[in-house]
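Descriptive analysis of the structure
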Amino acid sequence: MPELPEVETVVRTLRPGLQNARLEGVWWSGLPLRMLRAPDVPAMKRVCRGTRVLAVRRQAKYILIDVGADPEHPRGTLLVHLGMSGQLRLAAEQVPRAPHTHLVWRLGDGHELRFVDPRRFGWVAVVRAPATFAELATLGPDPLTELHPADLAAALATSRAPIKAFLLDQRRVAGLGNIYVSEALHRAGVHPGTPARRVRGRAPVLVEAIKAALLQGIANRGTTLRDYRDADGAAGNNAAALLVYGRSGAPCGRCGAAIKRRVDAGRSTYFCGACQRR
Ligand SMILES: [Zn+2]
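Source: prediction; values computed, not measured.

A word on the environment of V104
For V104, the position within the fold is in strand β6 (residues 101–107). V104 sits 75 residues away from S29 along the chain, and the two C-alpha atoms are 8.8 Å apart. Sequence-distant contacts of V104, defined by excluding residues within four places in its chain, comprise G25, V26, W27, R97, E112, L113 and R114.

See below:
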């Protein structure tokens, strides 16, 4: 599932071709997306018709595409969540559409913005004011720009959850998933099962570790385990640079002990039992 570094990479690869592009039409496959909901294509047509793209940006794991005529007053925002296997691609009109293409926005310059999603857990919506959209309004701080050690320490102190579950909770910190939580906890030397409130004193180390794991992911253009691709269709290179995720049985880079895998609530955690302390 794409996490913050993958979504950031998609945004960065979309921006050069999409910023300022005119939106000329919307096509839909007719198939529902996440939770078997149909995207509101009439609203997309109403909001997008005759506009251009004012900005392409990221909030947590959401891609926001502001459209309108006046940058100060966007007419609306296309909100895209990639779910498990969703991809946003920019391609020339004459390039055949990939299987599982579900939404297409025709651009004024002969290109198309395509939403491809084999498993259809992704979601695309159009909203007038993203700040009031419930799914965005409940998000916690962005770990790259808004996460401060003192605030994190205060939040940790109020939690009864294990640190791994705390960091996966999008209301606590927005944008992390299984891969980067495993990586960040390893970098911080914190065992994933430690109660969150017991690591409040290590908040500065945690903030640094989270940022380092995410920035490495962005520098490597994301982690491709299976489906993830950037907007040009390229896979990311970060899988080879992961310290623990997907490496059970391999030696820990810090102490040499075998990396362990544990499954909680159906989700894998990878960690070193020797150098990640409770
Ligand atoms: Zn170790």
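Some details on the packing of aromatic side chains
In total, this model carries one aromatic pair according to the counting rule given. Ring geometry for Y245 against Y270: centres 4.8 Å apart, planes inclined by 65 degrees, an arrangement best described as edge-to-face. Here Y245 is found in the loop between α7 (203–219) and β9 (259–264), whereas its partner Y270 is found in strand β10 (residues 267–272), with 25 residues between them in sequence. Assessed through its relative accessible area of 16%, Y245 is described here as buried. Using a relative accessible area of 10% as the deciding quantity, one classes Y270 as buried. Looking at R37, its charged tip hangs above the ring of W123, at a distance of 4.0 Å from the centre. Over the ring of W27 we find R97; its NZ or CZ atom is 4.8 Å from the centre of that ring.

Topic: the sheet that holds β6
Two strands in a sheet stick together by hydrogen bonds in their backbones, pointing the same way (parallel) or opposite ways (antiparallel). Reading across from one edge, β1-β6-β7-β5 is the order of the four strands in this open sheet, with antiparallel pairing throughout. The outermost strands of the open sheet, each flanked by one partner alone, are β1 (23–28) and β5 (87–92). Between one strand axis and the next, the sheet turns through 20 degrees on average, direction left out of account. Across the sheet, helix α1 (residues 4–18) is in contact with β5, β6 and β7 (111–116); its angle to β5 comes to roughly 30 degrees.

What to know about the environment of A165
In this fold, A165 is placed in helix α5 (residues 163–168). A165 sits in the partly exposed class, given a relative accessible area of 38%. Measuring from C-alpha to C-alpha, the distance between A165 and A196 comes to 8.7 Å, with 31 residues separating the pair along the chain.

About the thresholds
- Residues numbered from 1 in each chain as written.
- Predicted model: local features only at pLDDT ≥ 70, side-chain atom pairs only at ≥ 80, totals over all residues.
- Heavy atoms only, no water.
- Helix = DSSP H or I, 4+ residues; strand = E, 2+ residues; numbered from the N terminus.
- Contact = heavy atoms within 4.5 Å.
- Phe/Tyr/Trp six-rings, centres within 6.5 Å; stacked < 30°, edge-to-face > 60°.
- Buried < 20%, exposed > 50% of the residue type's maximum accessible area, 1.4 Å probe, protein only.
- Lys NZ or Arg CZ within 6 Å of the ring centre and 35° of its normal.
- Pairing = 2+ DSSP bridges.
- Axes fitted to C-alpha atoms, helices over the stretch in contact; angles between N-to-C directions.

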